[in-house]
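Spelled out, the chains give:
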Amino acid sequence: MKSNFRLKYFGDKNFYKMIMAIALPIIIQSIMTNFVNLLDNVMVGRLGTDQMTGVAVVNQLFFVFNLAVFGGMSGAGIFSAQYFGQKNHDGIRNVFRMKIIIGLVLIVVSLTLFILFYKPLISMFLHEGSNSGNIASTYDFAKIYLFIMLIGVPPFIVSNCYNTTLKEAGQTVIPMAAGVAAVLVDLIFNYFLIFGKFGFPMLGVAGAAIATAMSRYVECAILIIYTHTHAHRFQFIKGVYRSLKIPASLVKKIVIQGSPLMINELLWSSGLTLQTQAFSTRGLAAMGALNINNTVSNVFNIVFVTMGTTISIVVGQLLGAGKLEEAKDTDRKMCVFSVLTAFGVSLILVMLAPVFPLIYNTTSEIHHLATQFIWVFAVVTPFNSYANAAYFTLRSGGKTIITFLFDSCFIWAVNVPVSMCLAHFTTLPVIAIFVIVNSLEATKAFIGFALVKKGAWLNTIVE
């Protein structure tokens, strides 16, 4: 009985070697990226509360943009993973072309929205209600940071076209190398330009934005150059720009099955942004503390987020090859592994929560609030982990309508109304609102478990 339980929920040594061969490069890249983001955040935080909060507001807006890009690439990417499982290079090439077209549309739309509506977008997060920060000063810093960051939008989107396709083809080392190079550029020039070191001007918040934009171009250049100079390894790239013509049948499939995924990411991220806006009604201290919590939590949730990406790659390839039972068994073991690692992360967060906020040069009010936020996040991390694994499981089988209902519909039907009602119709402190809203993730995890167990995602979507 014990042996059967182990065989059902745990793999052997070779199983975990296979998982880590794919996941480890992504984890390393993510650790580098998020650790440097943490250092960037701390460096800006050393300038003062207004600078830190201004950058946090813009990063919240870019969070929606980043996930819109992720959704656009992932919607097409579910086909890349399955085409790779069939060794169909023409199929991957056509999907890549579709990503380029999606990327061009996203560049135009995002730049237009940010340039025309920056004032109301920034102002929606700035409220009185605490003893920390100055609204006018915070707005000015946010505006400066936003407009410089827009320079990095085009290379960020193009990088995602290459990055996601290479990963879906099982090649995770090159994206990792490009990501590491980018974060090193970002880290070094943040230090130079924020504080004016080694002869560089002291630009503060503007320097942080310039360094980030520079890193986007470095990453993009590495991915493009390496992919095209190694066309013998990445055969999908051969002749990819001779035409942007894509078979109408594939376009139809990607639109039908991929659009819900992009819309889902857009609605999910905008829902989280409105949720954050609800927290921000309790004053600038809430935004400052949320910024610290989000930066720290992004570093510590890397493992379970990466496991979701790995599930989409491994399970997607098995489904593409028609190995449905193996895909089901593999997915179950990977979900268990994801949740167990999340418990370990939770324990570390609980112990270190009082330490992280002290790194920032801000008020004791924000320090105390950030510690409480991190403790709450630590408790819900295992639930977040399973919900994330369930989402990528459903997505790997092309069940994008179900993922849409599971993800964005849940947040808009439950999280957003609850957070808005608590913010505007009660006098509860922000930590109480934060606890209630985050506890809803437990419900989402149980729904995800039921959907995965049902097995409707076990299907091959490419011919």
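An account of the accompanying structure is given in this report. (Residues numbered from 1 in each chain as written. Predicted model: local features only at pLDDT ≥ 70, side-chain atom pairs only at ≥ 80, totals over all residues. Heavy atoms only, no water.)

### A closer look at the overall build of the chain
Then step 1. A tally of helices and strands in the chain yields 15 helices and zero strands.
Then step 2. Along the three orthogonal principal directions, the C-alpha set of the chain runs to about 60 × 55 × 35 Å.
Then step 3. The 463 residues of the chain split such that 57% are buried.
Then step 4. The contacts in the chain between residues at least 6 apart in sequence include a share of 83% that link residues at least 24 apart.
Then step 5. For the chain, the accessible surface area stands at approximately 19,000 Å², while carbon and sulfur atoms represent 70% of it.
Then step 6. A gap of 8 Å separates the mean positions of the 31 positive and 18 negative side-chain charges of the chain. (Helix = DSSP H or I, 4+ residues; strand = E, 2+ residues; numbered from the N terminus. Buried < 20%, exposed > 50% of the residue type's maximum accessible area, 1.4 Å probe, protein only. Contact = heavy atoms within 4.5 Å. Areas by Shrake-Rupley, 256 points an atom, 1.4 Å probe, with all protein chains shown as cover. Lys, Arg positive; Asp, Glu negative; His and termini not counted. Charge placed at Lys NZ, Arg CZ, Asp CG, Glu CD.)

### Some remarks on the environment of Ile 263
Then step 1. Summarising the element assignment, Ile 263 is placed in helix α9 (residues 248-280).
Then step 2. A relative accessible area of 42% places Ile 263 in the partly exposed class.
Then step 3. With 95 residues separating them in the primary sequence, Ile 263 and Glu 168 have C-alpha atoms 21 Å apart.

### Regarding unusual backbone geometry
Then step 1. The residue Phe 198 is not glycine, and still its phi comes out positive at about 55°.
Then step 2. Within the secondary structure, Phe 198 sits in the loop between α7 (173-195) and α8 (205-229).

Nothing here speaks to function; it is all geometry.
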